[in-house]
Amino acid sequence: MKTHYTRPLDLRSGRVDMNHGAGGRATAQLVAELFARAFDNPWLGQGDDGAVLPAPAPGERLVMATDGHVVSPLFFPGGDIGSLAVHGTVNDLAVMGARPLYLSASFILEEGYPLADLKRIVDSMAAASRAAGVPVVTGDTKVVEQGKGDGVFIATTGIGALPAERSPGGARARPGDVVLVSGSMGDHGMAILAVRESLAFDSEIRSDSAALHGLVEALYAALPAEAIRVLRDPTRGGLATTLNEIARQSGAGMRIEEAAVPVHPQVEAACELLGLDPLYLANEGKLIAVVAPESADAALAALRAHPLGSAAARIGTVVEDAHHFVQLATPLGGQRMLDWLSGEPLPRIC
Amino acid sequence: MKTHYTRPLDLRSGRVDMNHGAGGRATAQLVAELFARAFDNPWLGQGDDGAVLPAPAPGERLVMATDGHVVSPLFFPGGDIGSLAVHGTVNDLAVMGARPLYLSASFILEEGYPLADLKRIVDSMAAASRAAGVPVVTGDTKVVEQGKGDGVFIATTGIGALPAERSPGGARARPGDVVLVSGSMGDHGMAILAVRESLAFDSEIRSDSAALHGLVEALYAALPAEAIRVLRDPTRGGLATTLNEIARQSGAGMRIEEAAVPVHPQVEAACELLGLDPLYLANEGKLIAVVAPESADAALAALRAHPLGSAAARIGTVVEDAHHFVQLATPLGGQRMLDWLSGEPLPRIC
Amino acid sequence: MKYVDEFRDGELARGIGAAIAREADPARHYAFMEFCGGHTHAISRYGVVDLLPANVRMIHGPGCPVCVLPVGRIDMAIRLAMERAVTICTYGDCLRVPASGGLSLLKARARLDKNRADIRMVYSAADALALAQREPQREVVFLAIGFETTTPPTALVLRQARALGLANFSVLCNHVLTPAAIRAILHAPAGAGADARVKLDGFVGPAHVSTVIGSRPYDFVAGQHHKPVVIAGFEPLDVMQSILMLVRQVNDGRAEIENEFTRAVTREGNLKAQALVDEVFTLRDSYEWRGLGSLPDSALRIRPEFAAWDAEAKFGLDYAPVPDHKSCECGTILRGEKRPADCKLFGTACTPETPMGSCMVSSEGACAAHYNYGRFRDIPVAAA
Amino acid sequence: MKYVDEFRDGELARGIGAAIAREADPARHYAFMEFCGGHTHAISRYGVVDLLPANVRMIHGPGCPVCVLPVGRIDMAIRLAMERAVTICTYGDCLRVPASGGLSLLKARARLDKNRADIRMVYSAADALALAQREPQREVVFLAIGFETTTPPTALVLRQARALGLANFSVLCNHVLTPAAIRAILHAPAGAGADARVKLDGFVGPAHVSTVIGSRPYDFVAGQHHKPVVIAGFEPLDVMQSILMLVRQVNDGRAEIENEFTRAVTREGNLKAQALVDEVFTLRDSYEWRGLGSLPDSALRIRPEFAAWDAEAKFGLDYAPVPDHKSCECGTILRGEKRPADCKLFGTACTPETPMGSCMVSSEGACAAHYNYGRFRDIPVAAA
Amino acid sequence: MCLAIPARVAELLPDDRARVELGGVAKEISLALVDGVAIGDYVIVHVGYALSKLDQREAEATLALFAQAGLTPSLEDA
Amino acid sequence: MCLAIPARVAELLPDDRARVELGGVAKEISLALVDGVAIGDYVIVHVGYALSKLDQREAEATLALFAQAGLTPSLEDA
Ligand code: SF4
Ligand code: SF4
Ligand SMILES: [Mg+2]
Ligand SMILES: [Mg+2]
Ligand SMILES: [Mg+2]
Ligand SMILES: [Mg+2]
Ligand SMILES: [Mg+2]
Ligand SMILES: [Mg+2]
Ligand SMILES: [Mg+2]
Ligand SMILES: [Mg+2]
Ligand SMILES: [Mg+2]
Ligand SMILES: [Mg+2]
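Just so you know, these numbers come straight off a predicted model, no measurement behind them.

A. Spatial organisation of the coordination of the magnesium ion (ligand 6). At 2.1 Å from the magnesium ion (ligand 6) lie its protein donor atoms, namely A:Asp140 (OD) and B:Asp67 (OD). The two metals, the magnesium ion (ligand 6) and the magnesium ion (ligand 8), are separated by 3.1 Å. With A:Asp140 in strand E6 (residues 136-144) and B:Asp67 in strand E2 (residues 61-69), this pair bridges two chains. Take A:Asp140 and B:Asp67: they sit in the same class, and that class is buried.

B. Seen up close, the sheet that holds strand E2 (residues 61-69) of chain A. Overall, mixed pairing links the 5 strands, which are arranged E6(A)-E5(A)-E7(A)-E2(A)-E1(B) in an open sheet. Two strands in the sheet have a free side with no partner beyond their single neighbour: E6 of chain A together with strand E1 (51-53) of chain B. Between one strand axis and the next, the sheet turns by 20° as a mean value, whatever way the strands run. As paired elements, E2(A) and strand E7 (residues 152-162) of chain A share 9 bridges and run antiparallel to each other. Directly across from A:His69, in E7(A), lies its bridge partner A:Ile154. Packed onto the sheet, helix H3 (residues 81-94) of chain A meets E2, strand E5 (99-110) and E7 of chain A and runs at close to 145° relative to E2(A). Relative to E7(A), helix H4 (residues 115-132) of chain A is tilted by about 10°, and along the sheet it contacts E5, E6 and E7 of chain A.

C. Just the site of ligand 2, in detail. Within the structure, ligand 2 sits among 13 residues, and D:Cys328, D:Glu329, D:Cys343, D:Cys350 and D:Cys367 are positioned closest to it. Its residues assigned to classes, the shell around ligand 2 comprises 11 nonpolar, 1 polar and 1 charged.

D. Highlighting the relation of the copies chain B and chain A. It takes a turn of 180° to lay chain B on chain A, together with a shift of 0.0 Å along the axis; the resulting RMSD is 0.0 Å. Such a combination of turn and shift is consistent with a two-fold rotation axis. Among all residues of chain B, the minimum C-alpha distance to the rotation axis is found for B:Gly149, at 2.2 Å. Interface overlap between copies: 100% of the residues of chain B at the interface are likewise at the interface in chain A, consistent with a symmetric, same-surface contact.

E. Layout of the domain arrangement of chain C. Residues and elements named next belong to chain C. The domain boundaries assigned to chain C delineate domain 1 (5-65 + 179-259), domain 2 (68-173 + 271-314) and domain 3 (326-374). Of note, the centres of domain 1 and domain 3, computed from C-alpha atoms alone, are 20 Å apart. With 22 residues of domain 1 at the interface, the matching set in domain 3 holds 13 residues. The junction of domain 1 with domain 3 conceals about 1,400 Å² of combined surface from both sides, 58% of it contributed by carbon and sulfur atoms. It is His41, Arg57 and His60 that lose the most area in domain 1 upon contact with domain 3, and together they represent 30% of the buried surface on that side. One can count 0 salt bridges joining domain 1 with domain 3. In this assembly, domain 1 and domain 3 are joined by 2 residue pairs in polar contact (both at pLDDT 80 or more). Sorting the residues of the side of domain 1 that touches domain 3 by element identifies helix H2 (37-45) and strand E2 (56-63) as the ones contributing at least two each.

F. Looking closely at the state of the cysteines. All names here are of chain C. Applying the stated criterion across every chain yields a total of 2 disulfides over all chains. With a sulfur-sulfur separation of 2.4 Å, cysteine 330 is cross-linked through a disulfide to cysteine 359. With a gap of 29 residues between them, cysteine 330 in helix H13 (residues 330-334) and cysteine 359 in the loop between H13 and helix H14 (366-374) connect regions that are remote in the sequence. Here cysteine 330 and cysteine 359 have matching classes, each one buried.

G. Geometry of the environment of C:Arg28. Residues and elements named next belong to chain C. Assignment of secondary structure puts arginine 28 in the loop between helix H1 (10-23) and strand E1 (30-36). Put simply, arginine 28 and isoleucine 145 are 117 residues apart on the chain and 39 Å apart in space, counted from C-alpha to C-alpha. Excluding residues within four positions of it along the chain, arginine 28 makes contact with Asn55, Asp201 and Val250. At a separation of 3.1 Å, a polar atom in the side chain of arginine 28 contacts the side chain of aspartate 201.

The rules behind the values
Residues numbered from 1 in each chain as written. Chains lettered and ligands numbered in written order. Predicted model: local features only at pLDDT ≥ 70, side-chain atom pairs only at ≥ 80, totals over all residues. Heavy atoms only, no water. Donors = N, O, S within 2.8 Å, 3.2 Å for Na, K, Ca; no water. Helix = DSSP H or I, 4+ residues; strand = E, 2+ residues; numbered from the N terminus. Buried < 20%, exposed > 50% of the residue type's maximum accessible area, 1.4 Å probe, protein only. Pairing = 2+ DSSP bridges. Axes fitted to C-alpha atoms, helices over the stretch in contact; angles between N-to-C directions. Contact = heavy atoms within 4.5 Å. Near = heavy atom within 4 Å. Nonpolar A, V, L, I, M, F, W, Y, C, P; charged D, E, K, R; others polar. Least-squares fit on C-alpha atoms with pLDDT ≥ 70 in both. Domains from an automatic or database assignment. Buried area = accessible area lost by both parts, 1.4 Å probe. Salt bridge = Lys/Arg side-chain N within 4 Å of Asp/Glu carboxyl O. Polar contact = N/O pair within 3.5 Å; in protein donor to acceptor, adjacent residues only side chain to side chain. Disulfide = S-S within 2.5 Å.

Structure (structure tokens):
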């Protein structure tokens with residue numbers, strides 16, 4: 001007697017349909033044959049409403065971070081929404097100073113999305129999760145009608161453990177502190193623009209999407225925890241917006257040397273073509289570190305010694321400023337403000 | 001000199017536009033004037049990439065659960081996507097036996113969605129979070145183009161603390177155990193169908209959306225932790241699917257008395273009209289508890305003593321069954337299977 | 001629910017069950033076919049077989065409108081949506097019916113460009129008409145299916161569409177006729193399993209179909225084929241009572257058309273509805289039934305006066321038959337020669353999620369009803 | 001980037017800055033207007049003022065195509081999308097330009113039924129044409145804006161549309177003419193603040209506009225108004241060099257049309273482009289410029305031969321002027337009478353997110369450039 | 001097949017429409033296929049249309065028949 | 001206004017189109033507005049169209065002028 005047989009999911013030419021989100025057998029099958037298989041770990045395998053996990057070590061605090069991922073197109077040079085969904089949240093934990101421990105993933109799938117592409121995304125996500133050593137321990141899948149979604153959205157949430165001695169935070173920058181970046185700015189944002197149909201140009205620009213917790217650990221290994229004032233990943237809004245956020249939170253200003261900010265030559269060229277500023281483009285594998293002045297050299301050396309920080313640079317300092325402006329010294333020798341991103345970075349003609 | 005002034009968000013007649021998701025000043029404003037104000041708590045107020053939280057008490061384990069919420073329509077009798085997004089995840093923690101501690105929220109907004117409606121949703125979510133005593137400590141907001149979303153999606157993730165002595169799980173049901181439900185089945189699913197334009201009928205059916213952790217605590221207070229084998233909230237797929245999940249996980253079968261399953265008379269009538277079965281409709285404030293036989297009476301009494309469990313009922317028992325079928329004794333005196341949900345519950349004409 | 005709950009009473013059921021057991025002759029077997037899926041559903045959902053003696057066996061007939069809809073007709077609707085950018089409106093039941101190429105309307109919907117075409121569920125034919133009125137730039141086709149019950153509503157909307165001169169609305173008609181299918185069952189040639197063929201001792205006759213057509217159209221069953229028919233309501237007690245009445249006819253050697261569903265069925269039926277159907281539809285020469293093959297005079301087509309609202313005429317559609325899977329046993333199951341679990345595809349390649357044959361399509365099909373409700377009977381289960 | 005990086009060199013900049021400081025007469029003030037937003041942008045983005053002596057002041061002119069686009073013209077596009085179910089295609093710059101009722105194209109887009117209408121960003125006019133070809137059922141209107149640089153591409157697509165007989169494509173033309181605007185600046189009546197009015201000592205002339213129209217059209221500035229013009233490239237060194245050349249003309253008492261941008265600008269300009277523009281467009285009697293008012297012969301309209309592709313003709317559109325906010329000081333700022341921070345709306349009601357006046361619209365506008373890049377100069381900042 | 005259910009006519013509406021009630025749930029349906037329906041009547045509702053009226057006397061008679069079938073012969077004889 | 005940038009023509013394509021290169025980034029543009037463009041030429045690209053050719057000799061001359069301006073008078077005199 002055959003009681004439980006189900007035909008295997010058609011991962012070659014099948015598509016997501018409403019049944020996959022209805023919570024019945026088709027949902028269970030999608031979870032079992034795609035998600036559970038790709039993310040394979042004991043917590044997910046339990047199939048309960050959540051995952052039961054060992055708590056952090058005594059004295060450690062919890063860190064929780066979340067990000068929704070809605071990138072378009074879903075595949076881009078250097079990554080896809082799956083790897084991005086891992087890196088985006090792991091990095092938010094990393095820049096809190098935490099050791100990332102666990103991820104959850106909530107998928108919102110659009111009716112009609114090819115299962116083969118979904119599998120590519122899930123496999124990429126699983127690979128990124130394994131490479132980062134941060135398992136996806138629980139998840140959820142919903143399906144929305146065609147025209148009410150955009151292929152795949154993934155919201156990930158991460159839990160990390162924060163050692164007692166660490167406490168970086170956006171409000172901790174003080175005048176005199178040094179601002180470092182771990183590498184070139186704008187690679188991710190431009191990689192996405194390059195593959196948008198409406199702008200298409202050819203370049204070798206790849207997203208910098210990467211998990212930063214190793215780089216953060218290298219930094220903590222190299223300098224006293226107290227010397228690390230602020231860590232942040234300049235994602236949406238780019239370096240400019242992130243520096244402004246830090247300035248506002250800390251109630252300070254900043255002086256940045258434009259020429260010191262690393263920008264990939266092709267990103268720079270593409271920015272010229274489109275009328276964009278690389279300092280407003282998103283990064284997904286870069287760190288901003290504000291460190292105590294006496295530790296700046298050690299911090300820079302530690303960053304540069306790590307593969308993800310080889311192009312790290314010292315770009316400026318924190319200053320007193322009641323208006324917490326971020327000011328830029330231009331390569332020409334002038335001064336200007338580096339303001340918050342206003343609106344979306346849209347290609348300009350003027 | 002005016003340096004930082006921004007015109008307040010137009011929460012009366014404004015709409016979500018792409019700028020609100022670009023990560024610049026408009027995003028910061030939306031977060032500050034809407035989300036941070038509504039959810040108001042010290043963690044969210046920090047404005048960092050994540051929230052730093054006290055870890056659970058020594059000996060406790062962590063529980064993590066996530067759910068994406070894509071309900072349509074967004075407002076329905078008895079709730080809205082905001083309250084649902086809190087209850088849905090709090091309940092997943094509760095049925096793991098955990099004390100829910102923190103929530104994260106990832107919003108995916110569709111360009112053009114009225115800010116006034118968004119505010120209603122966020123306020124409702126904040127009220128549900130406060131009522132449940134589970135703060136939203138971190139969040140994220142993305143905006144997608146019109147036609148690539150459906151107003152508002154909310155993915156919530158919850159962290160809870162699981163006391164050492166508790167370990168309910170879908171795999172722990174054993175033959176002889178008793179199956180209880182905390183109240184009437186199908187209210188949420190039918191409340192949603194009732195307001196779908198294509199089916200519209202008039203009734204007083206309201207979603208049962210509610211946070212169940214109080215009810216779970218009442219259960220743990222009334223019986224030995226070990227006697228609570230499985231807790232689960234029968235959401236998508238309804239009672240039928242959830243019982244099948246438990247049966248499969250536990251490698252057992254079940255015998256359910258159909259007449260013992262509480263169903264609201266109006267839900268029953270609407271099911272007759274539409275050709276649906278209430279046992280396949282979603283619930284968002286109901287508990288299934290599988291308990292040791294000797295504790296069944298105490299469990300039922302504890303459930304009934306709680307406002308959310310006043311209509312609790314004992315509906316069946318766990319049996320040995322290598323095929324882990326869920327069988328139903330019909331009110332007529334016959335037997336039939338109660339299978340997994342197959343596809344979506346669609347209104348039938350035949 | 002008045003006039004519903006009373007007809008589901010467990011105590012009365014046991015009483016009727018006892019009467020059947022008492023009156024059924026232990027020395028013989030009784031095989032009755034419930035033609036309608038509605039009866040099949042009631043029998044399965046309420047576990048009626050458990051209240052019947054072992055020598056009374058119910059055979060599930062072909063009376064489920066989505067089960068008998070052939071693949072080629074669903075293909076026509078899918079092609080309209082995919083190639084002609086039409087919005088197909090249909091009853092929820094149709095969405096999962098399998099079509100060619102592993103598709104169904106639900107799966108085809110996932111492949112459409114929704115900016116142009118769509119596939120939508122409606123609760124009523126009137127909803128499809130309303131959509132066409134509301135969105136004049138949208139070309140709406142109502143995929144009409146069903147026996148004599150859904151036909152009058154379709155006739156009404158066709159009449160309305162003509163009265164309104166609605167240019168963006170049409171109907172893809174798949175209305176079929178119950179008496180023709182019963183005739184086919186009675187005439188069916190014995191298959192390879194002819195020896196195993198079960199002699200039908202009588203029919204439980206349609207409930208709601210009969211409210212429209214009355215009881216007269218079944219006369220040939222008794223007259224020409226000498227089989228008793230008891231028209232019965234769709235509640236479990238109705239079914240049980242009709243079985244009791246059939247047992248009595250068999251015991252008495254009678255073959256009559258009896259009516260258990262007197263509260264809704266008359267000898268003449270609903271004459272207003274019949275006249276309306278007659279105004280709008282006429283007989284098709286032949287129509288292919290899934291599981292039964294092509295049957296003459298077994299379905300309706302839209303009259304030429306309404307050709308502008310007949311999707312087949314409007315879009316120049318041709319029907320291309322698509323054979324069922326060769327291992328599918330629906331035909332022999334419908335004739336009572338085999339049972340669902342005898343099919344080697346049952347529960348493996350063929351499940352409600354991925355039906356291969358017509359009997360697995362809707363929860364009213366013989367195989368689906370057995371899969372959803374009765375599968376446990378195939379194996380011994382340890383008691384609690 | 002060859003021919004780019006060399007023109008941004010810091011060391012050369014300091015050299016030219018030193019030359020300006022050396023040659024500028026300390027006893028007098030120099031006020032030059034850079035007409036173009038491209039120059040305004042270069043000055044602000046590179047902090048060029050920090051390399052200029054205090055007595056050389058740059059006044060930001062109206063040469064930003066989106067800044068001068070009046071509210072009423074954006075309203076026309078929004079109405080087309082909202083009421084006529086049209087897909088508006090336009091350059092990214094236009095999407096945030098404020099229109100009536102708190103709207104902009106971006107905000108209007110959020111209110112559209114995207115199944116019917118849309119508002120889309122294009123990189124090039126050709127992309128709008130391609131969309132219309134690809135989706136014949138979509139009515140596409142290219143909202144064309146810009147000075148003499150974007151006009152030839154618009155002319156090309158209009159010619160192509162006519163050649164293709166494309167029925168679902170048209171252009172809403174807002175092309176304006178640089179010389180007319182310069183003339184308006186020179187003729188502007190003194191406002192209430194006439195006493196404070198700054199005498200312009202000369203112009204930095206357009207870079208890319210001049211590649212198309214050549215240097216000849218500026219002759220009237222020197223001839224009739226006795227003001228020097230130096231046409232300059234958009235790189236910061238080009239701007240600085242042109243300032244040096246203007247200082248020298250002023251010092252010499254000369255008023256000539258000089259060309260710093262010889263690598264791309266000739267006296268005649270691009271004759272091929274000029275002929276094309278002439279074939280497709282003709283002068284508008286009058287056109288309203290945001291901040292400058294209605295100016296005669298200052299803009300182009302589509303010739304009657306192309307009326308089928310002229311959105312104004314095709315949809316029977318009328319222009320309704322919408323007054324600017326009464327506290328907006330754009331007019332006086334453009335004439336150098338006031339500076340952005342003097343406007344009481346600056347940085348409060350008027351910001352780049354919620355611009356009230358034309359100068360705040362694009363990052364090339366005087367107020368926006370000051371807000372984005374220069375605001376810090378308004379207050380003392382403690383040094384690091 | 002032909003899922004249909006008896007519902008009580010609660011209100012007659014214009015255009016041959018009616019509001020019917022079933023177990024506390026109300027729905028608007030069409031009466032275009034049946035004549036002479038009054039408030040209080042029960043109609044059999046299918047895909048939004050009344051297919052026929054329900055004969056309440058016959059319903060009671062059928063129920064009585066059920067009850068009678070259930071009587072044991074001995075009781076019946078008694 | 002009129003954001004435009006000089007780019008090197010890397011390839012001539014049919015229909016008056018060309019592939020231009022700038023700092024390692026390549027883009028297809030239209031040459032419909034300029035005549036006589038050859039591979040290796042620099043053109044000024046605006047909204048996907050070449051507006052004019054760049055005169056490389058003049059560019060060098062301008063750069064020389066910049067350098068000259070920067071020379072202090074004393075040096076210049078020397
Ligand atoms: S199980 Fe499927 S394939 Fe077999 S007879 Fe039934 S419907 Fe046909
Ligand atoms: S700040 Fe705004 S309102 Fe004031 S002058 Fe500038 S653009 Fe006009
Ligand atoms: Mg985050
Ligand atoms: Mg992140
Ligand atoms: Mg971050
Ligand atoms: Mg879930
Ligand atoms: Mg889409
Ligand atoms: Mg969950
Ligand atoms: Mg949940
Ligand atoms: Mg759950
Ligand atoms: Mg975020
Ligand atoms: Mg939508």
